[in-house]
Amino acid sequence: MNAYQSGERKIVPASLVYLYRQREGAEREWLLIHRQGREDDIHSGKWNGLGGKFDPEESPWQAAAREVHEESGLVVAAERFRWLGTLQFPRFRPDRSEDWWCAVLTAEVSVEDSECIVDGARHCDEGTLHWIQQSRLQGLNFWEGDRHFLPRVLDGEPFFGTFRYEKQKLIEWVLEPRKTN
């Protein structure tokens, strides 16, 4: 019996969603959350895509649609999400014996639909939402590992990655490109 079967460790499935919009004549903008909502948040102070843990019997696409709506108020149909990658975070929450497994999805939202989110004015339990121009992303406080896979997200290149953290410091990582059929 392995550690998952015995209950010694558990896998937490989650969605990580990167929504973007393209205004005419402007560079692409990405909807990110600046995490600052809860004191006990391991992501506090970081910038992230939207998303969160799957509900039981929920597909990655359904989880993405639900989380996007809960966090931003946007309604994006599950079928509009494009699967872009898979990320593993072994022992991401060692205090809870949790290994995280994330489905990374993207979707384009129309400028009209996205207007309901005014930069910095939309708050949710986790933090504040902002539309960030693609050229400004590098200056934000992301998790260290995000800097390795985020360029693939921005370019729409499928990938698979494993990122190991110890005390919130990246100690080892692997990122592999994946081909789509």
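See the structure above.
In this numbering scheme, every chain counts its residues from 1 along its sequence in written order. Local features in a predicted model are, by the rule used here, given only for residues with pLDDT of at least 70; side-chain atom pairs are given and counted only at 80 or more, and totals for whole chains, interfaces and linings are based on all residues. Hydrogens and water are ignored here; the side-chain numbers use all heavy atoms of the structure.

## Concerning the packing of aromatic side chains
Step number 1: Pairing of aromatic rings covers Phe, Tyr and Trp, the last through its six-membered ring, and needs centres within 6.5 Å; plane angles under 30 degrees mean stacked, over 60 mean edge-to-face, and all others mean tilted. Within the structure shown, the criterion is met by 14 aromatic pairs.
Step number 2: When the ring of Phe89 is compared with that of Phe92, the centres are 5.5 Å apart and the planes differ by 50°; the resulting orientation is tilted.
Step number 3: Whether a residue is buried, partly exposed or exposed follows from its accessible area with a 1.4 Å probe, protein chains only, as a fraction of its type maximum: under 20%, in between, or over 50%, in that order. Judged by relative accessible area, Phe89 falls into the buried class, the value being 9%.
Step number 4: Under the relative-accessibility criterion, Phe92 is labelled buried at 10%.
Step number 5: Ring geometry for Phe92 versus Trp100: centroids 6.0 Å apart, planes at 65°, classification edge-to-face. Taken individually, Phe92 and Trp100 each receive the classification buried, so the pair is uniform in this respect.
Step number 6: Lying across the ring of Tyr20, Arg28 places its NZ or CZ 4.0 Å from the centre.
Step number 7: Only when the NZ of Lys or the CZ of Arg is both within 6 Å of the ring centre and within 35 degrees of the ring normal is a charge said to sit over the ring. Above the face of the Trp143 ring, Lys46 is positioned so that its terminal group lies 5.1 Å from the ring centre.

## Description of unusual backbone geometry
Step number 1: A positive phi is found at Ser97, a non-glycine position, where the angle reads about 55°.
Step number 2: Starting at the N terminus, helices and strands are each numbered in turn, a helix being any DSSP run of H or I of at least four residues and a strand any DSSP run of E of at least two. Residue placement: Ser97 occurs in the loop between β5 (82-93) and β6 (98-108).
Step number 3: The exposure class assigned to Ser97 is partly exposed, which follows from its relative accessible area of 28%.
Step number 4: At Gln168, a position not held by glycine, the phi torsion is positive, near 65°.
Step number 5: Position of Gln168 relative to the elements: it lies in the loop between β9 (159-166) and β10 (169-177).

## Re the pattern of salt bridges
Opposite charge on two side chains allows them to pair when their charged atoms are near.
Step number 1: Salt bridge, as used here, is a side-chain nitrogen of Lys or Arg placed within 4 Å of a carboxyl oxygen of Asp or Glu. Scanning all chains against the criterion turns up twelve salt bridges.
Step number 2: Linking Arg66 and Glu70 is a salt bridge whose minimum nitrogen-to-oxygen distance equals 3.3 Å. In this pair, Arg66 and Glu70 both sit in helix α2 (residues 60-72), four residues apart, roughly one turn of the helix.
Step number 3: Judged by its relative accessible area of 17%, Arg66 is buried.

The values are spatial; any link to function lies outside them.
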